[in-house]
Structure formats: structure tokens, C-alpha cells
Amino acid sequence: MANESVISVLDPEIKPEPNNDGYESVHSRSPLFYDLYERKSELKHQTHYCPGCGHGVAHKLIAEALQELGLQDKTIFVSPVGCSVFAYYYFDVGNVQVAHGRAPASATGIKRSCPDKIVISYQGDGDLAAIGTAEIVHAANRGEKITVFFVNNGIYGMTGGQMAPTTLVGQKSTTSPWGRRPSNEGFPLHMPELIATLEAPAYIERVALSDNKNIMKARRAIRKALEIQRDGAGFSFVEILSPCPTIWGKDPVEARRWVLEKMTPTFPLNVFRDRRPEIPIGNEPPQRPVADVLEITPKAEANDKPQNAHHFKDVKIKIAGFGGQGVLLLGQLLIEMGMREGLEVSWLPSYGPEMRSGSAHCHVCLSKERIGSPLVSRPDVLVAMNEFSLRKFAPEVASGGIILYSGASLPADFVAPGVQVFAIPAAEIADRLGSTKAANIVMMGALLEETECLAPGTAFRVLQDKVKKLDLLEIDRQALSAGRLFIDDQAHVGAVSQPDGFA
Ligand SMILES: Cc1ncc(C[n+]2csc(CCOP(=O)(O)OP(=O)(O)O)c2C)c(N)n1
Ligand code: SF4
């Protein structure tokens, strides 16, 4: 990676030294961590975490426990959003990064599909107790056999110190500059106590990274939580009170003291649950393949698969325009067609908070092989439904690629060297057919004709299944043909060309 550098870590061979407070200082790296951590060159001398941050200590304790229990090769770490996300740069285990608050839901899916793995959900307090409150409560209530490490530093660290559900009464934050007031912001949430009201969890403890004694207790709790999962005993949850010196505006030593003196009175350290729940086993429902349930297999095989030989390995398409132009729908139609033709497909939408008339785009991959990432940063084909999208995304198009622009002609000053550009009056064509809304289908016809990536027959069958109103289906059918015809009749005789003459 051009702009990235790495920092090396301490030699794992260095032996522990005795310390005069009775504990051993361990200046070694757990083999559970990567040998090298990737960092930007200007930050290569430090980890992602601020000096004195509790995440580093929590990482170390988890790494040690996994190593001692011999679980490295079986572990899948789920890290969501917040400073906790950086875990995947450090733990040499399976790593999955998920959306804000969704780690328990993703961990549930992973554990259920890979029951022999050790699945860890590692979450901050903003992540787990604010945006993710529902996920954690329901995962705990279902008794999912996962382990949750809940790193509570009483604040949103990553985003600069907004109030979290666990912010202490009176504690100042950027969104409670007067200090948290129960009358306005409510009291701090006590997650272990809350989860301990549920039947299913097996083990719930709160620990603190405040001083050596408590860090040793945290170490034991973390190990125990993992042992419980290893033994298939149920849901285990450890809240870890953790310093965030940077946002608290304290030095690392003060911050650790603050955990003990200010946080533990509100969040008492305790084992809230340590038992093996008795969850009655019901009748297992019959397992059926997803394709059977969705009833898509016979259709795909019978009608569509043999239609197209697919002369490509993969095609990456970006479709962009305004909300309401059918940008996302066009992407969905393409992947539905791809699936029916037996291709691997992905569709990644992106739109602003206001769907209608806000800008919207989606990434579509059609491939003969498994797709590594649904993100399309160098599209082979750009479908630009307006001038803004044309100008914004044209520079991304791969050399030798194609731009299909919905417009009667290209803007006079527009150039895209090395790329084939077609201006298609899709809105006018669709208008003449009876609905401007069908402009996206005109563009689909043009795309299929120019790239031959999918069979027009498949397109029509997909439309038949998706468009319920017969009059609209007829307009779409004509729009599809019109788009193909336009490319055939006009584009190929040079009616649309770029100012540099590249047609
Ligand atoms: C859906 C979504 N909403 C909001 C954000 C912005 N965001 C990023 S991190 C964060 C808070 C993280 O706080 P916490 O879980 O306490 O973790 P910490 O950084 O303190 O370890 C927020 C709100 C986001 N990335 N995604
Ligand atoms: S902002 Fe806080 S939680 Fe995030 S790395 Fe720094 S000290 Fe740790």
C-alpha cells in the first residue's frame, strides 16, 4: 500500500521482569497479535490507541486468554464502530467488521453457522448501549453462545466525546457541556444489571482496568467468559470499565484512578450471573436450502442459465443519478438477472438521507467468480442518469470502459479520454413511450446492447416478474427495446461522440 507504513512490536522472546509492586511486567507480544501493525507513515510510531487507553489493555488480556486456552485458530472477532473497530489490525484471528451496534446480531449469524468457532463481540458503550441496545438485549435473551466484551469508557471516544448512555451523572461531554442531568438525559445505563434480569445468559461480570489488582480480576473474567463459550455453556458478557484519557482530558495515571474513584461507585464491580441456564430444546424445524425457500432454483435453471455465454470474467458497474430516477432499482434488476444467469452478483446502494431528489448511486458486480468486495471504485461501466453524476464519476471509469449518459448530448466541455461515451436521450424516449420513469429501463437496454453482459431475454423475464401492472410492463418492454435500438442504430454510426473524436 503506497501511503502505508508498519510498526514492529516488541520481541515475543523477551522474558517477563519482576516488578517491585509484586506483579510481573510483561514486555512481550502475545503471538495472538500480528507481527506488524499497518499504520499511515506519519503515525508509524504508535498504535491506533491513545497512550493509556483501556482498549490496549483489554486487547492484551483477551489475547493472553485466547492463547492460554489454545483458541487462536478457532476465534472470530467481530468489531463494530468506535475505537473498538481497530481490533482487526491487531488480533491475528478471523476478523469481521460490522455496522454500528450490530455486532451481537452478526456474531449470532456467525456462531449459528459455525458453532465450533469462538465468536467474540467487542463493543464500546456508545456502540453497545446506544445504537446497539436492541441487538445486545435480544442476543442475550436468546442465550446466543457468544462472548461479549463491553468496553465502557463512559463516552463516545472516536467521535470526540459525545455523551454516551453510560456517561456519569454530572460528567461533562460535548453534548452535555453542563454535565449529565438525570432530569434531562436520564441516568447511566447499567448493562450487566439489565441483562441479568434475563433468563438465558450464563455469565455476566463487571470488571475495571483501574489498577493492577482489578486488571488481574479482569483477566480472570475474560478467560472465564471464553471458557464458557468453549464449553458451549451459553451467553457470556463482561463489562470492562476502561480509561479514555484523551477525551476525559486526563493523563493516563489520572484516568486509571478516575475509573476506580468515579466510575466504580456508579458501576459496582460484581459477578451478576454465573450459572448454566436450562433452556428447553424444542423440535428443530426442517432445514431447507435458501433457494428452495425462495423458490428461485427451478426458474433460474430452466429459463435463464443457458441463455448467455458470458464473455467476461467480471463486470463492475456504477449507476448514479438522483433519487426517484430508478437508480437503485436498475442495479437490483441487473443483479437479479445476473443471479438467474448463474453469476455471482453484488449490489451496494449509497444514497443521502432524502431518497427522492437527493443524489443516489449503487455499485453492481457481475462475476463468474466469488466477489471479494461489493465496492466498485474503478467501474467498467458508468450509467450516469444526470450531468452531476457524469462529471462526478467519469474520472473513476477504468481505461477502455464505457459511460452511458442519460442526456440528448454531452456537455460541451466534457471529456473522458480513453473511455467510450454514449449520450442517450433516455428521458425523451421514455416520455414518448408513456412514462418518463422508464428512462432507467431505456438505459438498461443500452447497457445490455453495448456490453452484452446479460441476455435481453433474461431482462424481460425479470421485468415480467417484478412489474405487476400490465400497462407499465408494456412500457418497460418497449423502453428496453428502444435503448437497445438506440445503441444499434445511432451510437454505432457515430451519432454520439466526444469532443476529442473518440466515439
Ligand atoms: C450508523 C452510524 N452512526 C454514527 C456513527 C458515528 N460514530 C462513530 S464512532 C461512534 C461512537 C463510538 O463510541 P463508543 O462505542 O463508546 O466507542 P469508543 O470510541 O468510545 O471506544 C459514533 C456515534 C457511525 N459511524 N455510524
Ligand atoms: S479516544 Fe479514548 S477510547 Fe479512543 S483510542 Fe483514544 S483513549 Fe482510547
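Since the model is a prediction, treat every value here as computed from it, not as a measurement. (Residues numbered from 1 in each chain as written. Chains lettered and ligands numbered in written order. Predicted model: local features only at pLDDT ≥ 70, side-chain atom pairs only at ≥ 80, totals over all residues. Heavy atoms only, no water.)

Counted residue by residue, strand E5 (residues 75–79) has 5 buried out of 5 residues, so it is predominantly covered. Taking every second residue as pointing to the same face, both faces of E5 are buried, with Thr75, Phe77 and Ser79 on one and Ile76 and Val78 on the other. Bridge analysis of E5 against strand E6 (residues 94–97) gives 4 bridges, and the strand direction is parallel. Paired with Val78 across the bridge in E6 is Val96. (Buried < 20%, exposed > 50% of the residue type's maximum accessible area, 1.4 Å probe, protein only. Helix = DSSP H or I, 4+ residues; strand = E, 2+ residues; numbered from the N terminus. Pairing = 2+ DSSP bridges.)

In the vicinity of ligand 2, the residues found are Tyr49, Cys50, Cys53, His55, Cys83, Asn153, Gly157, Cys244, Pro245, Thr246 and Ile247. Take the shell around ligand 2: its biggest share by element is 3 residues, from helix H8 (residues 245–248). By residue class, the composition of the shell around ligand 2 is 7 nonpolar, 4 polar and no charged. (Near = heavy atom within 4 Å. Nonpolar A, V, L, I, M, F, W, Y, C, P; charged D, E, K, R; others polar.)

Let's shift gears to helix H15 (residues 439–451). Given 3.6 residues to a turn, an α-helix orients residues that are three or four positions apart in the same direction. Look at H15: 18 Å from first C-alpha to last across 13 residues, which is about the 18 Å you get at 1.5 Å a residue. Among the 13 residues in H15, 13 count as buried, and that is most of the element. Once H15 ends, the next one or two residues include Glu452, with phi positive near 55°. (Expected span 1.5 Å × (residues − 1).)

Let us look at the environment of Phe149. Inspection of the secondary structure puts Phe149 in strand E8 (residues 147–152). For the pair Phe149 and Val238, spaced 89 residues apart in the sequence, the C-alpha separation amounts to 5.1 Å. Ignoring sequence-local partners within four residues, the contact set of Phe149 consists of Ile62, Ile120, Ser121, Tyr122, Gln123, Ile222, Ala225, Leu226, Val238 and Ile240. (Contact = heavy atoms within 4.5 Å.)

Moving on, we get to unusual backbone geometry. Despite not being glycine, Glu452 has its phi angle at roughly 55°, a positive value. On the secondary structure map, Glu452 appears in the loop between H15 and helix H16 (456–466).

Applying the stated criterion across every chain yields a total of 11 aromatic pairs. Their ring planes at 70° and their centres at 6.1 Å tell us that Tyr49 and Phe86 sit as a pair that is edge-to-face. With Tyr49 in the loop between strand E4 (36–40) and helix H1 (54–68) and Phe86 in the loop between E5 and E6, this residue pair connects regions lying 37 residues apart in the sequence. Residue classification places Phe86 among the buried residues on the basis of a relative accessible area of 18%. Relative to Tyr122, the ring of Phe77 has its centre 5.6 Å away and its plane inclined at 45°; by these criteria the two rings are tilted. In this pair, Phe77 sits in strand E5 while Tyr122 sits in strand E7 (residues 118–124), placing the two residues 45 residues apart along the sequence. Clustering of aromatic rings is evident, with ring pairs tying together Tyr37, Tyr49, Phe86, Tyr88, Tyr89 and Tyr90. (Phe/Tyr/Trp six-rings, centres within 6.5 Å; stacked < 30°, edge-to-face > 60°.)

The subject of this paragraph is the site of ligand 1. Lining the immediate surroundings of ligand 1 are 16 residues, of which Asp125, Gly126, Asp127, Gly157 and Met158 lie closest. At a separation of 2.9 Å, an oxygen atom of ligand 1 approaches a polar backbone atom of Cys83. The backbone of Asp127 places a nitrogen or oxygen atom 2.7 Å from an oxygen atom of ligand 1. In isolation ligand 1 has 590 Å² of accessible area, and contact with the protein removes 72% of it. When residues of the shell around ligand 1 are traced back to their parent elements, those giving at least two are helix H3 (125–131) and strand E9 (155–156). When residues in the shell around ligand 1 are grouped by element, the largest group, 4 residues, is from H3. For the shell around ligand 1, the class distribution of residues is 6 nonpolar, 8 polar and 2 charged. (Polar contact = N/O pair within 3.5 Å; in protein donor to acceptor, adjacent residues only side chain to side chain. Areas by Shrake-Rupley, 256 points an atom, 1.4 Å probe, with all protein chains shown as cover.)

Next up on the list: helix H14 (residues 426–433). Along H14, the positions that sit buried rather than exposed are Ala426, Ile429 and Ala430. The buried side chains of H14 occupy one side of the element, clustering within an arc of 95° when seen end-on. Downstream of H14 by one or two residues, Gly434 has phi in the positive range, about 125°. (Arc of directions from axis to C-beta.)

Take Asn152: it is sitting in strand E8. A distance of 3.0 Å separates a polar atom in the side chain of Asn152 from a polar atom in the side chain of Thr166. Excluding residues that lie within four positions of it along the chain, Asn152 makes contacts with Asp125, Thr166, Glu239, Ile240, Leu241, Ser242, Met263 and Phe267.

The predicted model of the chain has a mean per-residue pLDDT of 88, with 88% of residues at 70 or higher. Here residues 1–12 scores under 50 on pLDDT; set against residues more than four positions off or in separate chains, the count is 38 contacts. (pLDDT = per-residue confidence, 0-100.)

This part is about the pattern of salt bridges. For side chains bearing opposite charge, pairing can occur when the charged atoms are close. All chains considered together, the criterion is met by 23 salt bridges. For Arg391, the salt bridge identified is with Glu387, shortest N-O distance 2.9 Å. Highlighted residues: Arg391 and Glu387, both in helix H13 (residues 387–393), separated by 4 residues, approximately one helical turn. Residue class for Arg391 comes out partly exposed when judged on its relative accessible area of 37%. Judged by its relative accessible area of 35%, Glu387 falls in the partly exposed class. Through salt bridges with shared partners, one network takes in Glu64, Glu68, Arg219, Arg223 and Glu227. (Salt bridge = Lys/Arg side-chain N within 4 Å of Asp/Glu carboxyl O.)

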